Amino acid sequence: MQGSAGLMWIYRGYVVAFFLYLVAPLVAAGVFAFNDSMFPSLPWNGFTWDWFFSPNEPKLGLFHDDRLLQGLGNSLYIGVIVAALSVAVGTCNAFLFVRKDFRFKNALYVLMVVPLVIPGVILGISILVFASTLANLADQWFGLFLTWLRPGVPLVVLGQFSFLVTITSLVIAARLQKFDISLEEAALNLGASRVRTLATVTLPFLVPAMFSAFVVAFLVSFENFNTTLFLVGSDSPLTITMYDRMVKAGSTPVLNATSVVLMLGSGMLALISVLAQRPKKQA
Amino acid sequence: MSRDAGKLSLILLFTPFALWIGLLIILPQFGIGYVSIREKVGINQYEYGLKNYIDFITEPVYRNTLLRTAWMSILVTALALVIGFPIAWYIAKIARERSRAALFLMCLIPLWVSDLVRAYGWIVLLRETGVISMTLVKWGIINQPVEMLYNDMTVIIGLVYTVILFMIVPLVSTLQGMDDALLEAGYNLGGSRVTVFRRIIVPYAMPGIVAGCIITFMLTAGSYLTPILLGGKNSSWFTEQIYNQFITRYNWESGSAFGVSLLVFTSFVVWAGLRLTGQSLATTVAKE
C-alpha cells in the first residue's frame, strides 16, 4: 500500500507496541523468578537462583518442591498418553475422511470439527456427569466399583483426548490430502502388499505431520485447564497445582520459576515441531 | 483390492471415530441434558421437569451473569478483531518475506505458554505492588500504589491477550492468499482507501474474519482462568457459576442446566455468525 511515510511509521509503531503487549506479561513472569524476595513484585532485591534450587524453606526452590514436581510429573505422563492416543485416532480419522466414501460423510465431518467449538468447561462437566452416571449404574446393578470412572487421571486423559482428536485429525488429514496417490499405485504394481505399501510409502510421508500433531497435542494437554479442572482426582497436573497455590496459598516467586521452566520447555517443543514441519512447506 | 477388504478397512477406520464421537462427545452432552431436567427430592429419588431452568431464569444473579459474559465476550471479540486486523495485514502484506515468518512465529509464542502463566504474568504486572504501579510511583506520576487488578478493564485486557492469536492466525492465512493486483485494480478504478478496504479487502478476508471471531468468541465465553485470576472472586463470569454449582455446592442438576444454557448460547452465536456470513463450520474453523 502506498501510504505517506509518516503514516507508515505510526503503523510500525503500532506493530511494535502490539508485540510489546504480547511479551510483557511473559517477561514479567519470567524476570521475577530471579528476584531475591518472598513476593513476585518490586522492589528488586538482587539476583538469585534460590527459587529454582534452594533446598529449604521458606525459599523452597522448584526442584525441591515435591508437590510442584509431582504435578509436573503427572502433566508429563498424562500429556504423553493423551498425545499418543490422539495421534492414533487422528490418523484413523484422516484416512477415513480423506480416502473413504460413505454415507453422511459431510455431516460426520462437521461432527468431527464440533468439539473445537464446545467450551472446555462444558466438555469437562459432561464427561464428569456421564462417567459418574455409568459408575453409579455399575455400582447399583452389578455391585462393581469402577474407580477409573471417578475423577482422576483416566478421566483427565479422556477429557483432553475428547477435543484433541479434532486437532490431530485436521493436522494429519491436511498432510494426507497432499499425498500423491500414484506413489501407492506404483508400489502396488511393483508387487507390494497393501500393508507393506502403507508401512513403507504412505506412513513415512505422514510422519512429520503425525509428529507435529503429537507435539501440539502434548502442549495443549500440558496447558489445559478448563476441561481438566472438573476431572482431577488426587493426582492433579501442574496447571491445577499451580492454580491451587496461586489462589489459596498466595504466590511466591517459585511459581515464576515454574513459569520459566514451562516457557522454556514448551518453547523448545514448539520450535522442534516447527522445524519438523519445515520439509512439508517445500513439498 | 476386493470390495470386502474395502468394507473391512472402512469399518476398522470408522470404529475409533464412532467410539470417540459417540462416547466422549454426543452421549455426555445428552447426559448433562438429562441431569439438567431432573431435581433431587430424596435419596435416589428424582423428579423431572424444567425447574432448574426456571430457577436459572428467575434468579437475576445467574441471568445477569450470562448476559454479562455474553456482552463482554462480544466486546472482546470485537476488540480482538480491531486490534488484530492491522497486525495480520502487516504480517501478510507489508512485512518482507523473511521478517514475515519471524513475526508470525512471534505471534505464536504466547500460544505455547499456558493461560495460567499468561494470567500470572498480568498479575505480576498489574497488582498493587506490581511492576506498573510501582514504576509509576517511582517516576512520581502517581502518589501511592494503585490496584489495577480486579476490574472489568483488566479482565478485558487479559482476555483479548489470551484470544487474539486465534484471531490473527486465520486472518493472516486468508490475507496471504490475496492477490495484490486486486488492490491496485481498486485504486486504479478510483477507489479511495476506505472504499478499497470496504469493498475488496473485507469481503476477501471474510472467511478468516468469521473463523477468528467464532473461535475467539467461543474461547472467551468459555474461559475460566483469566476472568477469575484477573477479575477476582467476584468477576461474575458464567463458567465460574458452573464451577460453583458443580464443585462448591455439589449441585450437579443446576450446574448441568447452567452448562446446557452456556452451550446452547455459544452454539447459537456460532450458528448465527456462520449463517449471517454464509460460511460453514467445515470451511472456516477446520481450515487451519
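Residues numbered from 1 in each chain as written. Chains lettered and ligands numbered in written order. Predicted model: local features only at pLDDT ≥ 70, side-chain atom pairs only at ≥ 80, totals over all residues. Heavy atoms only, no water.

## Quick notes on the overall build of chain A
Looking only at helices and strands, chain A has 10 helices and zero strands in total. Listing each helix as α and each strand as β along chain A from the N terminus yields α-α-α-α-α-α-α-α-α-α. Whereas a compact globule of 283 residues would reach a radius of gyration of roughly 19 Å, chain A reaches 24 Å, over 25% beyond that. Taken along its principal axes, the extent of the C-alpha atoms in chain A is 75 × 70 × 35 Å. With the model as given, the accessible surface of chain A reaches about 13000 Å², and the carbon-plus-sulfur share is 69%. Charged side chains of chain A number 17 positive and 13 negative; the gap between the two group centres comes to 13 Å. (Helix = DSSP H or I, 4+ residues; strand = E, 2+ residues; numbered from the N terminus. Rg over C-alpha atoms; globule rule 2.2 N^0.38 Å. Areas by Shrake-Rupley, 256 points an atom, 1.4 Å probe, with all protein chains shown as cover. Lys, Arg positive; Asp, Glu negative; His and termini not counted. Charge placed at Lys NZ, Arg CZ, Asp CG, Glu CD.)

## A word on a nonpolar patch on the surface
All names here are of chain A. Residues Val16, Leu20, Val23, Val27, Val31, Trp44, Phe47, Trp49, Phe53 and Phe63 make up a contiguous nonpolar surface patch of roughly 980 Å² in combined accessible area. With five residues, helix H1 (residues 5-31) is the single largest residue contributor to the nonpolar patch. Along the chain, Phe47 turns up in the loop between H1 and helix H2 (50-53). (Patch = residues over 30% accessible without salt bridge, like charges linked within 9 Å, V, L, I, M, F, W, Y side chains within 5 Å. Salt bridge = Lys/Arg side-chain N within 4 Å of Asp/Glu carboxyl O.)

## Quick notes on the packing of aromatic side chains
The full count for this structure, using the stated rule, is 30 aromatic pairs over all chains. Taken together, a centroid distance of 5.4 Å and an interplanar angle of 45° make the contact between B:Tyr224 and B:Tyr243 tilted. Taken as a pair, B:Tyr224 in the loop between helix H9 (193-221) and helix H10 (225-231) and B:Tyr243 in helix H11 (residues 238-248) lie far apart in primary sequence, 19 residues in all. An identical accessibility class is assigned to B:Tyr224 and B:Tyr243; each is buried. Cation over ring: A:Arg12 sits above A:Trp9, and NZ or CZ is 5.1 Å from the ring centre. Here the basic side chain of A:Arg175 rests over the ring of A:Phe205, its NZ or CZ set 4.0 Å away from the ring centre. (Phe/Tyr/Trp six-rings, centres within 6.5 Å; stacked < 30°, edge-to-face > 60°. Buried < 20%, exposed > 50% of the residue type's maximum accessible area, 1.4 Å probe, protein only. Lys NZ or Arg CZ within 6 Å of the ring centre and 35° of its normal.)

## Some words on the interface of chain B and chain A
Residue-level contacts link 85 residues of chain B with 81 residues of chain A. Both sides of the chain B and chain A interface together cover about 7500 Å² of buried area, and 80% of this is carbon and sulfur. For the pair chain B and chain A, the interface holds zero salt bridges. Where chain B touches chain A, the interface holds 12 residue pairs in polar contact (both at pLDDT 80 or more). (Contact = heavy atoms within 4.5 Å. Buried area = accessible area lost by both parts, 1.4 Å probe. Polar contact = N/O pair within 3.5 Å; in protein donor to acceptor, adjacent residues only side chain to side chain.)

## A few points about unusual backbone geometry
Of note, A:Phe104 is a non-glycine position whose phi angle comes to about 60°, a positive value. Along the chain, A:Phe104 falls in the loop between helix H3 (66-99) and helix H4 (105-113). The exposed category is assigned to A:Phe104, whose relative accessible area is 60%. A positive phi angle, near 55°, is found at B:Tyr250, a position not held by glycine.

## A look at the nonpolar core
Judged by nonpolar contacts, the single largest core of 148 residues is most densely connected at B:Trp20, B:Leu175 and B:Ile242. Those residues in contact with B:Trp20 that sit more than four places away from it in its chain are A:Asn93, A:Met112, A:Pro115, A:Phe161, A:Ser162, A:Val165, A:Thr166 and B:Ile25. By size, the runner-up hydrophobic cluster in this structure holds eight residues, among which are A:Val113, B:Val210, B:Met218 and B:Val270. (Core = buried A, V, L, I, M, F, W, Y, C linked by side-chain atoms within 4.5 Å.)

## Regarding the packing of helix H8 (residues 180-188) of chain B against H9(B)
Two measures define how a pair of helices packs: the angle their axes make with one another and the distance between the axes. Residue and element names in this part refer to chain B. At a closest axis distance of 10 Å, the pairing of H8 and H9 adopts a crossing angle of 150°. Taken together, the axes of H8 and H9 are roughly antiparallel relative to one another. Between H8 and H9 lies a crossing of right-handed hand. Within the contact between the two elements, H8 uses Leu182, Leu183, Gly186 and Tyr187 and H9 uses Arg193, Val196, Ile200, Ile201 and Tyr204. (Axes fitted to C-alpha atoms, helices over the stretch in contact; angles between N-to-C directions. Parallel < 35°, antiparallel > 145°, perpendicular 65-115°, else oblique. Left-handed = near helix turned anticlockwise from the far one by under 90°.)

## Some remarks on the pattern of salt bridges
Residue and element names in this part refer to chain B. With the rule as written, the count across this model stands at six salt bridges over all chains. With a shortest N-O distance of 3.3 Å, Arg38 and Glu253 are connected by a salt bridge. Linking Arg38 in strand S1 (residues 38-42) with Glu253 in helix H12 (residues 252-277), this pair joins segments that are 215 residues apart in sequence. On the basis of relative accessibility, which here comes to 15%, the residue Arg38 falls in the buried class. With its nearest N and O atoms 3.0 Å apart, the salt bridge here joins Asp115 to Arg118. Here the residue Asp115 and the residue Arg118 both occupy positions in helix H5 (residues 115-126), the gap between them amounting to three residues, near one helical turn. What makes Arg118 buried here is its relative accessible area of 5%.

## Notes on the pairing of S1(B)
Residues and elements named next belong to chain B. As paired strands, S1 and strand S2 (residues 45-48) are joined by four bridges and run antiparallel to one another. When the bridges of S2 are listed, Gly42 appears paired with Gln45. Here S1 folds back onto S2, and the loop between the two strands holds two residues, one of which, Asn44, carries a positive phi near 55°. (Pairing = 2+ DSSP bridges.)

## Observations concerning the side chain of A:Ser162
Mapped onto the fold, A:Ser162 is located in helix H6 (residues 153-177). Accessibility expressed as a relative area gives 0% for A:Ser162, which makes it buried. A distance of 2.7 Å separates a polar atom in the side chain of A:Ser162 from the backbone oxygen of A:Gly159. Residue contacts for A:Ser162: discarding those within four places in its chain leaves A:Pro115, A:Leu123, A:Ile127, B:Trp20, B:Leu24 and B:Ile25.

## Concerning the confidence of the model for chain B
Any segment with low pLDDT has predicted coordinates that should not be analysed in fine detail. Residues and elements named next belong to chain B. Looking at chain B as a whole, the pLDDT averages 82, with 96% of positions reaching at least 70. Averaged pLDDT values over the elements of chain B bottom out at 64 in helix H13 (residues 281-284) and peak at 89 in helix H3 (residues 60-94). Overall fold confidence for the complex sits at a pTM of 0.86, while the interface term, ipTM, reaches 0.84. (pLDDT = per-residue confidence, 0-100.)

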